[in-house]
Amino acid sequence: MNALTATDFNFPGQQSVYHGKVRDVYNINGEKLVMVATDRISAFDVVLPKGIPFKGQMLNQIAAKFLDATTDICPNWKTATPDPMVTVGVMCEGFPVEMIVRGYLCGSAWRAYKSGVREICGVKLPEGMKENQKFPEPIITPTTKAEIGEHDADISKEEILAKGLATPEEYAILEKYTMALFKRGTEIAAERGLILVDTKYEFGKHNGTIYLMDEIHTPDSSRYFYSEGYEERFAKGEPQKQLSKEFVREWLMDNGFQGKEGQQVPEMTDEIVTSISERYIELYEHITGEKFVKEDTSNIAERIEKNVTEYLK
């Protein structure tokens, strides 16, 4: 099983390329973007040393499905998926913030709450909440969009407006879209026996119109619980059964790594890599309700180059 961890394409009309944590984005004639979902995996804002076979294909296909399922809510950047690991779309000027929406108290929000914090990103949190408890209403806790190797930082709506990262009118639209997308994602998840716990959305502008960008509702950008047994586990204070990348973070933490200075990424044996790949396939099949079909990985780069070049021509 091969994994695609680096790309170096030269597509027709290519002007530049941006290598992100897990996706490589090619600028075509300053108008289109070719986004390649690689098999790289990141956790704690660190790209891990080995790729996960089929991860890029799974994430790209999940995102494409959800982008198609939300076009009635807001315009999005996607125009085509010429390869299972590639989405092509319109070029947008991104807002330098990520809109994180939380339906439940868990993850970093719970860690902060447990330490006594009662306000996140300007949002006041009720007293007496427990881990994995549902909020009365979903809350938006934006973060700044950090460069590779840097950590995203919490930011409030007031700070976003004060720094001019979005106008009040723009922010109102971002908020409206975020809540509507989360509601749709929650409904789709419920049909699959899942709870959409929290997720993030990125937006940008194209010809003055706000577009949804990037991936949505994938296990890399979202956290899901299984609906079945949620109440019982919550009542007993037991950990929830999750569908997300959290299992990777837990494996790293169990092996003494949280992305802090001086810490070493634990060895990623073939067994670990295979088990992560298998978990991602499980995620894909639960989230989409469809069987995952593995693409030929004998020469991934060659396949992508051929498919994308043919599409661009």
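Residues numbered from 1 in each chain as written. Predicted model: local features only at pLDDT ≥ 70, side-chain atom pairs only at ≥ 80, totals over all residues. Heavy atoms only, no water.

Q: So, the overall build of the protein: which residues are in play, and what are the values?
A: Helix and strand content of the protein: 8 helices and 17 strands. For the protein, the C-alpha radius of gyration of 19 Å lies close to 20 Å, the compact-globule estimate for 313 residues. In terms of overall dimensions, the protein has a C-alpha envelope of 60 × 50 × 45 Å along the principal axes. Across the 313 residues that make up the protein, the buried fraction comes to 51%. Counting every atom, the protein has about 14900 Å² of accessible surface; 48% of that belongs to carbon and sulfur. For the protein, the separation between the mean place of its 37 positive charges and that of its 50 negative charges on side chains is 3 Å. (Helix = DSSP H or I, 4+ residues; strand = E, 2+ residues; numbered from the N terminus. Rg over C-alpha atoms; globule rule 2.2 N^0.38 Å. Buried < 20%, exposed > 50% of the residue type's maximum accessible area, 1.4 Å probe, protein only. Areas by Shrake-Rupley, 256 points an atom, 1.4 Å probe, with all protein chains shown as cover. Lys, Arg positive; Asp, Glu negative; His and termini not counted. Charge placed at Lys NZ, Arg CZ, Asp CG, Glu CD.)

Q: Outline the packing of helix H6 (residues 246–254) against helix H7 (residues 270–288), supporting the account with residue identities and numerical values.
A: Relative to each other, H6 and H7 sit at 155°, their axes nearing to 10 Å. Judged by the angle between their axes, H6 and H7 are roughly antiparallel. Residues Phe247, Val248 and Trp251 of H6 lie in contact with H7, whose contacting residues are Ile272, Ile276, Arg279, Tyr280 and Leu283. Residue composition of the contact of H6 with H7, grouped by class: 7 nonpolar, no polar and 1 charged. (Axes fitted to C-alpha atoms, helices over the stretch in contact; angles between N-to-C directions. Parallel < 35°, antiparallel > 145°, perpendicular 65-115°, else oblique. Contact = heavy atoms within 4.5 Å. Nonpolar A, V, L, I, M, F, W, Y, C, P; charged D, E, K, R; others polar.)

Q: Explain the layout of surface pockets to me, using residue names and the numbers behind them.
A: In this structure, the second largest pocket spans a volume of roughly 440 Å³. Forming the boundary of the second largest pocket are 22 residues, of which Glu131, Asn132, Pro239, Gln242 and Glu250 lie nearest the centre. When residues of the lining of the second largest pocket are traced back to their parent elements, those giving at least two are helix H2 (107–114), helix H5 (230–236) and H6. Residue composition of the lining of the second largest pocket, by class: 6 nonpolar, 6 polar and 10 charged. (1 Å grid on protein atoms, 1.4 Å probe; cavity = no way out; pocket = protein on both sides within 12 Å on 5 of 7 lines; lining within 4 Å. Points joined across faces, edges and corners; volume = space filled by probe spheres on them.)

Q: Mind laying out the packing of aromatic side chains, listing which residues take part and the relevant values?
A: One pass over the structure, following the stated rule, counts 12 aromatic pairs. The interplanar angle of 10° and the centroid separation of 6.0 Å between the aromatic rings of Tyr230 and Phe234 together place this pair among those described as stacked. Of the two residues, Tyr230 and Phe234 are both situated in helix H5; the distance of 4 residues between them amounts to about one turn of the helix. Given the relative accessible area of 6%, Tyr230 is considered buried. Judged by centre distance (5.0 Å) and plane angle (70°), the rings of Tyr284 and Phe292 are edge-to-face. Using a relative accessible area of 4% as the deciding quantity, one classes Tyr284 as buried. These aromatic residues form a ring-pair network of at least three members: Tyr104, Phe225, Tyr230 and Phe234. Here Arg279 stacks its cationic end above the ring of Phe247, 4.2 Å away from the centre of that ring. (Phe/Tyr/Trp six-rings, centres within 6.5 Å; stacked < 30°, edge-to-face > 60°. Lys NZ or Arg CZ within 6 Å of the ring centre and 35° of its normal.)

Q: I'd like a description of H2, backed by residues and values.
A: Listed in full, the buried residues belonging to H2 are Gly107, Ala109, Trp110 and Tyr113. On an axial view of H2, the arc spanned by its buried residues comes to 145°, and they lie on one face. Elements in contact with the buried residues of H2: strand S9 (97–104), strand S10 (119–120) and strand S16 (222–226). Among the residues trailing H2, Gly116 stands out with phi positive, at a value near 110°. (Arc of directions from axis to C-beta.)

Worth remembering: the numbers are spatial, not functional.
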